[in-house]
Amino acid sequence: MSSHSIPVIKNEHPKLPTFNMDEVAFGKHFTDHMLTADYENGEWNNVVIKPYSPIELDPSSAVLHYGQTIFEGIKAFKNEKGEVAIFRPDQNFIRFNTSAERMQMPAIPEWIFMEGMQQLVQLEKGWIPSKPDCSLYIRPFMIATDPFLGVRPSQTYKFMIILGPSGAYFSAPMKIYIEQHYTRATPGGVGFAKNGGNYGASLYPVTLAQQKGYDQVLWTDAIEHKYVEEVGMMNVMFVIDGKVITPSTERGTVLKGVTRASSIILLREMGYEVEERNLAVSEIVDAHKKGLLQEVFGVGTAAVVSYISKLAHGEYEMNFDLDVQKVGPALKKHLNDIRMGNIADKHGWLLYI
Ligand SMILES: *Cc1c(COP(=O)(O)O)cnc(C)c1O
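Residues numbered from 1 in each chain as written. Predicted model: local features only at pLDDT ≥ 70, side-chain atom pairs only at ≥ 80, totals over all residues. Heavy atoms only, no water.

**Q** Would you mind going over the domain arrangement of the chain with me for this structure?
**A** When the parts come together, some accessible area is lost, and that loss is often what is quoted as the size of the interface. According to the domain assignment, the chain consists of domain 1 (16-168) and domain 2 (174-338). Between domain 1 and domain 2, the C-alpha centre-to-centre distance is 27 Å. Residue-level contacts link 17 residues of domain 1 with 20 residues of domain 2. Here domain 1 packs against domain 2, burying approximately 1,500 Å² in sum over the two surfaces, 63% of which is carbon and sulfur. (Domains from an automatic or database assignment. Contact = heavy atoms within 4.5 Å. Buried area = accessible area lost by both parts, 1.4 Å probe.)

**Q** I tried to follow unusual backbone geometry on my own but got confused; where do I start?
**A** Generally, phi is negative for residues other than glycine and the peptide bonds are trans, each holding for most cases. Unusually for a residue other than glycine, Asn41 sits at a positive phi of about 50 degrees. With respect to the secondary-structure elements, Asn41 resides in the loop between strand E1 (33-40) and strand E2 (43-51). Positive phi outside glycine occurs at Asp241, with the angle close to 50 degrees. The topology assignment puts Asp241 in the loop between strand E11 (234-240) and strand E12 (243-247). (Helix = DSSP H or I, 4+ residues; strand = E, 2+ residues; numbered from the N terminus.)

**Q** Sorry, what's going on with the pairing of E1 here?
**A** On a regular strand, each side chain points to the face opposite its neighbour's, so the side chains alternate between the two faces of the sheet. Of all eight residues making up E1, six are buried, and the element is well covered by its neighbours. The antiparallel pairing of E1 with E2 creates a hairpin that spans two residues between the two strands, and Asn41 there sits at a positive phi of about 50 degrees. Both E1 and strand E7 (residues 157-166) contribute to a ladder of five bridges, which runs antiparallel. From the neighbouring strand, Asp38 faces E7, where its bridge partner is Lys158. (Buried < 20%, exposed > 50% of the residue type's maximum accessible area, 1.4 Å probe, protein only. Pairing = 2+ DSSP bridges.)

**Q** I would appreciate a short explanation of the site of the ligand in the present structure.
**A** Near the ligand there are 14 residues, and of these Lys194, Tyr199, Glu230, Thr259 and Thr301 occur at the shortest range. A distance of 2.7 Å separates an oxygen atom of the ligand from a polar side-chain atom of Lys194. With respect to the ligand, the side chain of Thr259 contributes an N or O atom lying 2.6 Å from an oxygen atom. Expressed as a share of its isolated accessible area of 380 Å², the protein-covered part of the ligand is 96%. Those elements that provide at least two residues to the shell around the ligand are E11 and helix H5 (258-269). Among the residues forming the shell around the ligand, the class breakdown is five nonpolar, five polar and four charged. (Near = heavy atom within 4 Å. Polar contact = N/O pair within 3.5 Å; in protein donor to acceptor, adjacent residues only side chain to side chain. Areas by Shrake-Rupley, 256 points an atom, 1.4 Å probe, with all protein chains shown as cover. Nonpolar A, V, L, I, M, F, W, Y, C, P; charged D, E, K, R; others polar.)

So, in structure tokens, the structure goes:
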């Protein structure tokens, strides 16, 4: 399996034996070990798996001031036979280094990301709940650590992978507000990169939408607020008259989700026509008026498919009866069945460890 053996410092006080797996909530609990690596003098060193613990940072560390920080989100699953598989981590590896380049951070070597992840998940596989829809969330990230307040790319970095058990992710159908003022991403900007600042910048408009009674916003293009882009931190898909339409990633303002790419392949195999193109809000509203707008849902690693029950454009409200929806639920089942090994993984998307 691995050609590099990463040293492991065992946690002498693991929480796993007494951890109550029934209590798992996304993002709150972390496993007993983590991987860390340091970048200095142009190379990555000190690759080690060690007890999960706080890290020490100089208060002047670049990441704390100018936001050179990127991350990924991946899931590992345990099937009924007890086998553990990670879903398409090679795609996250590629995207991580795409994000790194945009933020002027060094690329992470494949073996540290891929073999490091596999060795860490192997060590922590006892943390993966074996119940349906449960998983182990894998969070690789990189931060700039130069103790220097000048604005320039840091010369030192830390790469880490932490893991957390994740329960069956139930998200209530969302009420969505179509954003017409604030923006998530601009052409020429950093929307295609999974860098921290994108998420900090989204909090204010989302809070405003929540004060109006919505759960999330549907982001529109920064220039005209005419075309839809993403829903919250997920890619978005519309079903209009039986056809699936999802915004194109060409302008660099839509993050290239692994779930999005996988969904397009599966939906086509399931017999749906899928279009990747610019989709105007006016086209969505027109389709709704004609009774042709059937479904809207978000796609992403966390929830796979997140249903939308209401979409509002100003005063105009579009409501969806989730009981009659077909595409979203069928896609969710198909992807979950692949991830849990219930149906053949004919694309080789699962990396068994
Ligand atoms: C991570 C993310 C997604 C979903 O990507 P997946 O690889 O499917 O998890 C979509 N949009 C944004 C803005 C994201 O950060």
